[in-house]
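One-letter residues, chain by chain:
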Amino acid sequence: MIEDVLKSAEDRMEKAVQVYKRDLLTVRAGRATPAMLDKITVEYYGTQMPVNQVASVTTPEPRQLVITPWDKGMLSEIEKAIQKSDLGVNPMNDGSVIRLNIPPLTEQRRQELVKVVRKMAEECRVAVRNIRRDANDELKKMEKKGDISEDQVRRGTDKIQAITDKFIAEVDKLTAGKEQELTEV
């Protein structure tokens, strides 16, 4: 019973950290990556679709992305979506592909991105702590029902805290790495 609660909490915390890792990929660090466009959506036949599902995205150079839509009519839609996004990049449409030249980051923009990363990290930490709270509540409910003893609850909460500490440390490590990547010139 307790193992089920621990396993469930650990799985959910792992998923929260995986989401954070994916979100970190969307923060650009001076290099062009197709993941930068993951959160940009365009309207495709009445449905909002991510850019990478209506076009191929390649990186021919370290600071350039080339977007080749499968339907040429989508060029202007993709261009508008990129302009509306917070990428800070101006798309160049040549009639068949869209080129995004990623400019080097200014010091001010680097600091803004570090703040964005720290905010994302805090949101992930809060999610992990909420999962910890849910797991502890589950153990307390089990104790009230008489399924487990007070000592088992205490040991269970200690194990949950250890799991929580492990995932918080992982979030801190990922954040430090991304901050290092953003601040190096």
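Not measured: the values here are computed from a predicted model. (Residues numbered from 1 in each chain as written. Predicted model: local features only at pLDDT ≥ 70, side-chain atom pairs only at ≥ 80, totals over all residues. Heavy atoms only, no water.)

Student: Outline the nonpolar core, supporting the account with residue identities and numerical values.
Tutor: One finds Tyr20, Leu139 and Leu182 to be the most contacted residues of the largest nonpolar core, which totals 30 residues. When residues of this core are traced back to their parent elements, those giving at least two are helix 1 (2–25), helix 3 (107–145) and helix 4 (150–183). By size, the runner-up hydrophobic cluster in this structure holds 21 residues, among which are Leu65, Ile67, Ala81 and Val89. (Core = buried A, V, L, I, M, F, W, Y, C linked by side-chain atoms within 4.5 Å. Buried < 20%, exposed > 50% of the residue type's maximum accessible area, 1.4 Å probe, protein only. Helix = DSSP H or I, 4+ residues; strand = E, 2+ residues; numbered from the N terminus.)

Student: Let's hear about the packing of aromatic side chains: which residues, and what values?
Tutor: Working definition: an aromatic ring pair is given by the centre-to-centre distance plus the angle between the planes. What the rule picks out here adds up to one aromatic pair. Judged by centre distance (4.7 Å) and plane angle (70°), the rings of Tyr44 and Tyr45 are edge-to-face. Judged by relative accessible area, Tyr44 falls into the partly exposed class, the value being 26%. You can call Tyr45 exposed: its relative accessible area is 70%. (Phe/Tyr/Trp six-rings, centres within 6.5 Å; stacked < 30°, edge-to-face > 60°.)

Student: So what's going on with the pattern of salt bridges? Residues and values would help.
Tutor: Counted under the stated rule, the structure contains 15 salt bridges. One salt bridge in this structure joins Arg133 and Asp134, with 3.5 Å as the shortest N-O distance. On the basis of relative accessibility, which here comes to 43%, the residue Arg133 falls in the partly exposed class. If you follow the salt bridges from partner to partner, you end up with Glu122, Arg125, Arg129 and Asp172 in one network. (Salt bridge = Lys/Arg side-chain N within 4 Å of Asp/Glu carboxyl O.)

Student: Describe in detail the pairing of strand 2 (residues 47–50), supporting the description with residues and values.
Tutor: In the sheet, strand 1 (residues 41–44) pairs with strand 2 via four bridges, with the strands oriented antiparallel. Bridge pairing in strand 2 places Val42 opposite Met49. Hairpin connection of strand 1 to strand 2: two residues between the antiparallel strands, including Tyr45 at a positive phi of 50°. (Pairing = 2+ DSSP bridges.)

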